[in-house]
Amino acid sequence: MIFDMTLYKPTELEKWICHKYRNNGILTPADMDIDRIGEIFNAFIAYKCDGDARVVYDDHVGLIFLNIYDIESEQRMKFFHELGHPAMHAGSQCDLPRLFIELQEAQAGAFQQYAAMPYYMLSGINPCHTYDEYHTLLSETFRLPRPFVAKRIDQVRRRMLQGHQDRSMHAQLTGVAYRYGYTEETLRILGQLNQQLNKQQREVFG
């Protein structure tokens, strides 16, 4: 099992999160204390004895309520989701239309995956012989539930596959350009068309 993280292309949201992390000394999984991370995004943690996690926020400042009886991995997973709201949103969901609420929840879900397992930390963790072993290792390292870890790694694998396909296409186009004398502008347009086709295929076939 080989993970070449040079093939991975982070999203703009990932880059923003990881820039905030690095600027505040969050460099390894051992640095990922949730109180410390919360403060980076102007959010603070309180614990309650019942109910699910929730967040109260306004003007990018938040108070995240976690259930004190949840196991640590569940607390951390829920924390990163709730943190996405004050980090990215303003105001309250109370008066928002349902579709806007669903959009914000989807955005918080994306934030959760990127913030809980930053891509730049994965390159420092050696993959195991099987994905099952790798998921267990990452679950213990980041202190997150295995199903969440498996979902994140599946996302990383798909992005790496796309990076490999993009690199292969670039190599092919470079060969074609050398053979037929295409210009850099022609190569750029062909590359854009290839990316659009790949995007359409992903939308159709998931």
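Residues numbered from 1 in each chain as written. Predicted model: local features only at pLDDT ≥ 70, side-chain atom pairs only at ≥ 80, totals over all residues. Heavy atoms only, no water.

1. So, the overall build of the protein
On a plain count of helices and strands, the protein comes out with eight helices and three strands. Helices and strands appear in the protein in the N-to-C order α-α-β-β-β-α-α-α-α-α-α. The long-range fraction of contacts in the protein, counting pairs at least 24 apart against all pairs at least 6 apart in sequence, stands at 60%. As displayed, the protein has an accessible area near 12100 Å², and 55% of this comes from carbon and sulfur atoms. (Helix = DSSP H or I, 4+ residues; strand = E, 2+ residues; numbered from the N terminus. Contact = heavy atoms within 4.5 Å. Areas by Shrake-Rupley, 256 points an atom, 1.4 Å probe, with all protein chains shown as cover.)

2. Examining the pattern of salt bridges
Here the structure, examined in full by the defined rule, presents eight salt bridges. We note a salt bridge from arginine 146 to aspartate 132, for which the minimum N-O separation is 2.8 Å. Here aspartate 132 lies in helix α6 (residues 131-142) and arginine 146 lies in helix α7 (residues 146-180), a separation of 14 residues in the sequence. The exposure class of arginine 146 is partly exposed, given its relative accessible area of 31%. (Salt bridge = Lys/Arg side-chain N within 4 Å of Asp/Glu carboxyl O. Buried < 20%, exposed > 50% of the residue type's maximum accessible area, 1.4 Å probe, protein only.)

3. Some thoughts on the side chain of histidine 85
Mapped onto the secondary structure, histidine 85 falls in helix α3 (residues 72-88). Within the structure, histidine 85 has its side chain in polar contact with the side chain of glutamate 105 (distance 3.2 Å). (Polar contact = N/O pair within 3.5 Å; in protein donor to acceptor, adjacent residues only side chain to side chain.)

4. Brief notes about the packing of α3 against helix α4 (residues 98-116)
The contact between α3 and α4 brings their axes to 7 Å, and the two run at 120°. Judged by the inter-axis angle, α3 sits oblique to α4. Taken as a pair, α3 and α4 cross one another with a handedness that is right-handed. Judged by residue contacts, Met77, Phe80, His81, Leu83, Gly84, His85, Ala87 and Met88 of α3 engage Gln104, Glu105, Gln107, Ala108, Gly109, Phe111, Gln112, Ala115 and Ala116 from α4. Class assignment of the residues belonging to the contact of α3 with α4 gives a composition of nine nonpolar, seven polar and one charged. (Axes fitted to C-alpha atoms, helices over the stretch in contact; angles between N-to-C directions. Parallel < 35°, antiparallel > 145°, perpendicular 65-115°, else oblique. Left-handed = near helix turned anticlockwise from the far one by under 90°. Nonpolar A, V, L, I, M, F, W, Y, C, P; charged D, E, K, R; others polar.)

5. Describing a nonpolar patch on the surface
The grouping of Phe44, Val56, Val61 and Leu63 at the surface amounts to a nonpolar patch, some 320 Å² of accessible area in total. Note that leucine 63 resides in strand β3 (residues 61-67). (Patch = residues over 30% accessible without salt bridge, like charges linked within 9 Å, V, L, I, M, F, W, Y side chains within 5 Å.)

6. A few points about helix α1 (residues 12-23)
For α1, built from 12 residues, the straight-helix expectation of 16 Å at 1.5 Å per residue is met to within 8% by its first-to-last C-alpha distance of 16 Å. Within the sequence span of α1, burial applies to Glu14, Ile17, Cys18 and Tyr21. With its buried residues spanning 95° around the axis, α1 presents them on a single face. Turned more than 90 degrees from where α1 packs its buried face, Glu12 and Asn23 sit exposed. Just downstream of α1, glycine 25 is the residue with a positive phi angle, here 75°. (Expected span 1.5 Å × (residues − 1). Arc of directions from axis to C-beta.)

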